[in-house]
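# Fold and geometry: a report
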Amino acid sequence: MRIGLIIVMLLISISHEILAQDWQTVFSVDSRIGYSTNTYLNPYYGEWDRAESSSFGVLSGIGQSTWFGDQDMVELTGVAVLEPFFSGLNTWKGGLALGRYQHQFSHSVSGGIEVGGSYFNASYSRSMFWAQPTITWSPTPFTQLKMKAGSNFRSYQDYMVDSVSTSINDRSDLYALEFETWPNFNWQISSGLYGNLDSFPNIQQGFSSFVAASRIFKRGSKVRFKVGLEQYQNEQTVTTGGGGGGFPPAGGGPPGTTTETIEETNRIFRLGIEGSIPISQQLTAFVSAEGLRYNTTATDQNITDLQVSGGIRLTLQPKSRSEKGKVTPDWNNRGETQRVEISYSGDGRIYLVGDFNNWSRPGIPLMNIEKNQYRAELELDAGSYEYKVLTIEDGEESWIKFSSETYTVEDGFGGQNALLLVQ
Amino acid sequence: MVFVCAYLGIPDTALAQTEALDKLVERANKTGIEQSVIEDLKARKEARGLSNEQFANMIEPAVQLAENDLPANHVLQKALEGLSKGVPDARIVPYINRMANATRQAAGVVDPWMAKPEVKRVLGEQKNSMPGQSMRNRLIESSSRAITQNIPPENINQLLTDIGNKSVLSKTNGANIISAMDIVSDLPMREQPELTRSFIVRALKGGFESGEFQKLPMALNMAQKRSQIPASNIMRGVGNQLNKGVPARDILKNLFDGKIGGGPPGDIPRGMEDNPGKGNRGNNAGNG
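The structure contained in this document is the topic of the report that follows. (Residues numbered from 1 in each chain as written. Chains lettered and ligands numbered in written order. Predicted model: local features only at pLDDT ≥ 70, side-chain atom pairs only at ≥ 80, totals over all residues. Heavy atoms only, no water.)

### With respect to the overall build of chain A
How we decide: Each helix corresponds to a stretch of at least 4 residues labelled H or I by DSSP, and each strand to a stretch of at least 2 residues labelled E; elements are numbered beginning at the N terminus. Throughout this description, buried means an accessible area under 20% of the type-specific maximum (1.4 Å probe, protein chains only), exposed means over 50%, and partly exposed covers the range between. Working rule for contacts: check all heavy atoms of both residues, and any pair within 4.5 Å makes them a contact. Method for areas: the Shrake-Rupley scheme with a 1.4 Å probe, in which residue coverage is limited to the protein chains shown.
On a plain count of helices and strands, chain A comes out with one helix and 24 strands. In chain A, which comprises 423 residues, the proportion classed as buried is 46%. In chain A, 53% of the contacts between residues at least 6 apart in sequence involve partners at least 24 apart. Put simply, chain A shows about 20300 Å² of open surface, and 57% of that area lies on carbon and sulfur atoms.

Written as structure tokens, this is what we have:
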């Protein structure tokens, strides 16, 4: 009882501590349609089923909250997914939850843990739970190596094996090595190696890997090319002659039979391209195409599968609580003039005061263009301008604080000014 | 004049201060300092009830800078700002002197750099290039901002040397270089000068403009808090997606792309039992 009370008090104090820092919440809805010949290539599915080629749709909603202080970060994510197939396959539906804690040990090293769980069902159900401690090393601002290792528990219910409904529970101890580097600000190279700790470092027994190159354009458009290789090996015991013998062979098998162990290697080569383009601050359009080629040494047979899809993503970022009462001036260059728009929900009139008006108060008035939305236009020469936003209510003047999204500089007198660079 | 003052009861010292201030204002006018700035300063001096001596202390450093052909407007603006914010003159004057010293130090770095033949040539060849004197003054102003924030002039010098490389100059222009210098004081230039230099050089090579540079310090700060590579944060910022952090779509990229199918990658996909081979075996329990 006493321990429980201590834990509750600790959680309350931690959450107060965290809320005293900064937090951000993001909601995102992803709507996609596509066609695939193997559900292994489908978003959120990841199960090998090439019984039917099918068109599919994906509707997924995401909510994510992040709290961060100077050295610690906690991130919670929830995802709901509905994936209907326009063929005989049942709709794949379910959800996923992720939690991540990260502590910054130094400029270049951080560590933490990622935990997650998911549940999906269609004709069968699948649930997973995993926990992976992580270590991240960034030797330069452009290079990062991330290492993770932990356990993943899977449980399948009503899963059909040889036409028999089966329940399966298993556990895998997994590792992940992820590398990311930016040769410049427009190119991102990333790679990953994932596998089973039991086989490490003898990775050829089973691994999944990829190398990807992304070209990022201004305004956020992106094209990504990816190649991947997965390989899984297993041993099969094959008995020939003697009229049978069953599996596994007992006591060396009946006389006249030959038992041999065959090592089978399955490989999956993957090749993909995807692109995304922001339509607005909230909307992004995306397309992707991916193919795989499966080969097994057992029969030396090749299988090719394909997935193409495209859709729209809506992202909403509600104003975080700690930012209320603060302003984020949004400047846009409009030919000869600079237009600034400010969202402000307080009372009174607001003004700009800064280098552009010799810091004269009350300053340049902002026009109220709609509810809580203010605007002004200034003709400015190229240069850098420090400024503040002043509010006057009932004759009382006060400076409005800037949000953490605003670029501010120290004013030399113990305060902060926003900085505007005009080119 | 002395007799007139004595007759009117004005002390000699006050008279001397008035004369000295008049001379100072005259010197300011000769150097080309904007009249409106001086007038605004005078008006604020009256409103604050400052003495002529206090006022002279405030503008003298800027006048000296201008007389030495150095930019002075940023120093005067700081005086105006301090008066507008109600900062005591005892705090304004030392900061202004510090800015003036930093401006001289910045000029000692910028002038030799701009005199380099390769810098002159490449910047001079560019279309819409800024006039040399204007660029020099703005570069001194932005460099002095960094020096005022305790960035050693040697670090600024090294950064300019890196930027002076033809491979960088050919992909940017004077205005972008000034924008880069404007944000230097908000990057970890003191603690990690080499990394910061590489950061800025890559940004210039990548064609970053003022809007992008403005987002660099915050992106770097956020990236460190979230254990991310700053470059990825910055590019989100460039795409107007930087809002204190990372959009969910990037965090969940693996999920959206179907790479992990609802769990971490590395496990063996179930369902391969019907393949020509017998498929895969899971770790501890097998797959089929």
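Okay, back to it.
### Brief notes about the overall build of chain B
Helices and strands together make up the secondary structure of chain B, namely 16 helices and zero strands. A total of 288 residues make up chain B; the buried ones form 60% of that total. In chain B, once contacts between residues fewer than 6 apart in sequence are set aside, the share between residues at least 24 apart is 65%. A total accessible area of about 11500 Å² is found for chain B, and carbon and sulfur atoms account for 49% of it.

### Notes on helix α4 (residues 52–67) of chain B
One turn of the α-helix equals 3.6 residues, which is why residues spaced by three or four share an orientation. Residues and elements named next belong to chain B. Which entries qualify depends on this criterion: The span you would expect from a helix comes to 1.5 Å times its residue count less one. Values of bend correspond, residue by residue, to the angle between axes fitted over the seven residues ending at that residue and the seven starting there.
Spanning 16 residues, α4 covers 21 Å between terminal C-alpha atoms, matching the ideal 22 Å at 1.5 Å per step. Along its length, α4 shows its largest kink, about 35°, at I59, and proline P61 lies within four residues downstream of that point. Residues N52, F55, A56, M58, I59, P61, A62, V63, L65 and A66 constitute the buried set of α4. Immediately downstream of α4, the backbone of D69 shows phi near 60°, a positive value.

### Some remarks on the nonpolar core
Heads up, the condition is: Buried residues of nine kinds, namely Ala, Val, Leu, Ile, Met, Phe, Trp, Tyr and Cys, make up a nonpolar core once their side-chain atoms join them within 4.5 Å. The split of the chain into domains comes from an automatic or database domain assignment.
Counting residues in hydrophobic clusters, the biggest one holds 84 residues, and the most contacted among them are L41, W113, L139, I156, I163 and I177 of chain B. When residues of this core are assigned to their parent elements, the largest contribution, 13 residues, is made by helix α6 (residues 89–115) of chain B. There are two domains that each give this core at least three residues, and those are domain 1 (2–316) and domain 2 (330–422) of chain A. Ranked by size, the runner-up nonpolar core spans 21 residues in total, among them W331, V340, I342 and I400 of chain A.

### Focus: a nonpolar patch on the surface
Residue and element names in this part refer to chain A. Condition: Each patch is built from residues that are more than 30% exposed by relative accessible area and take part in no salt bridge. Like charges join if they lie within 9 Å; nonpolar side chains (Val, Leu, Ile, Met, Phe, Trp, Tyr) join within 5 Å. Between Lys or Arg on one side and Asp or Glu on the other, a salt bridge is scored when a side-chain nitrogen of the former is within 4 Å of a carboxyl oxygen of the latter.
On the surface, F27, V29, L59, L82, L314 and L316 cluster together to form a nonpolar patch covering roughly 490 Å² of accessible area. Mapped onto the nonpolar patch, the elements with two or more residues apiece are β1 (22–36) and β14 (302–316). In this fold, V29 is placed in strand β1. We classify V29 as partly exposed; its relative accessible area is 39%.

### Considering the packing of aromatic side chains
Residue and element names in this part refer to chain A. Convention followed: Working definition: a ring pair exists when centres of Phe, Tyr or Trp rings (six-membered ring for Trp) sit within 6.5 Å. Plane angles under 30 degrees give stacked, over 60 give edge-to-face, the rest tilted. For a Lys NZ or an Arg CZ to count as sitting over a ring, it must be within 6 Å of the ring centre and within 35 degrees of the ring normal.
The final tally for this structure, using the stated rule, is 22 aromatic pairs over all chains. Centroid distance F129 to F153: 6.5 Å. Interplanar angle 25°. Geometry classified as stacked. Here the residue F129 occupies a position in strand β6 (residues 125–140), and F153 occupies one in strand β7 (residues 143–161), the gap between them amounting to 24 residues. For F129, a relative accessible area of 44% corresponds to the partly exposed category. Here W331 and F356 contribute two aromatic rings whose centre-to-centre distance is 6.4 Å and whose plane-to-plane angle is 55°, an arrangement assigned as tilted. Of this pair, W331 sits in strand β15 (residues 330–334) while F356 sits in the loop between β17 (349–354) and β18 (364–365); the two residues are 25 residues apart in sequence, bridging distant segments of the chain. Taken as a pair, W331 and F356 share a single burial class, namely buried. Put simply, the rings of Y44, Y45, F56, F85, W92, F120, Y124, Y156 and Y159 touch in pairs and so form one group of aromatic residues. We note R313 situated over the ring of F286; from NZ or CZ to the ring centre the distance is 4.4 Å.

### Overview of the packing of helix α8 (residues 132–148) of chain B against helix α9 (residues 153–163) of chain B
Residues and elements named next belong to chain B. So the rule is basically this: Here an axis means a line fitted to C-alpha atoms, over the contact stretch when the element is a helix, while the angle between two N-to-C directions is reported on a 0 to 180 degree scale. Orientation categories follow fixed angle ranges, with anything under 35 degrees roughly parallel, anything over 145 roughly antiparallel, 65 to 115 roughly perpendicular, and all other angles oblique. Should the near helix be turned counterclockwise from the far one by less than a right angle, the crossing is left-handed, whereas a clockwise turn marks it as right-handed. When residues are grouped by polarity, Ala, Val, Leu, Ile, Met, Phe, Trp, Tyr, Cys and Pro land in nonpolar, Asp, Glu, Lys and Arg in charged, and all others, Gly among them, in polar.
Where α8 contacts α9, the two axes come as close as 9 Å, and the packing angle between them is 135°. By the angle between their axes, α8 is oblique relative to α9. The handedness of the crossing between α8 and α9 comes out as right-handed. Across the interface between the two elements, L139, S143, A146 and I147 from α8 touch P153, I156 and L160 from α9. Along the lines of polarity and charge, the residues of the contact of α8 with α9 split into six nonpolar, one polar and no charged.

### Some points on the pairing of strand β12 (residues 258–278) of chain A
Consecutive residues of a regular strand have side chains that alternate between opposite faces of the sheet. Test applied: The pairing criterion is simple: DSSP has to find at least two bridges between the two strands.
Inspection of the sheet shows β12 of chain A paired to strand β13 (residues 283–296) of chain A by 13 bridges, in the antiparallel sense. Bridge assignment links S276 of chain A to a residue of β13 of chain A, and that residue is F286 of chain A.

### Description of unusual backbone geometry
All names here are of chain A. The step from F200 to P201 runs through a cis peptide bond, and the omega angle for that step is 5°. By the element assignment, P201 lies in the loop between β9 (187–196) and β10 (206–216). Following R361, the chain continues into P362 via a peptide bond in cis, with omega recorded as 10°. Tracing the sequence through the fold places P362 in the loop between β17 and β18. The phi torsion at N358 lies on the positive side, around 55°, for a residue other than glycine. Of note, N358 is situated in the loop between β17 and β18. Even without being a glycine, N372 presents a positive backbone phi close to 65°. Topologically, N372 is positioned in the loop between β19 (367–370) and β20 (373–379).

### Considerations on a negative patch on the surface
Residue and element names in this part refer to chain A. Selection criterion: Charge assignment in this entry is limited to Lys and Arg as positive and Asp and Glu as negative, and neither His nor the chain termini are counted. The atom standing in for a charge is NZ when the residue is Lys, CZ when it is Arg, CG when it is Asp and CD when it is Glu.
Together, D347, E393, D394 and E396 make up a region of like negative charge exposed at the surface. Along the polypeptide, E393 turns up in strand β21 (residues 383–393). On the basis of relative accessibility, which here comes to 35%, the residue E393 falls in the partly exposed class.

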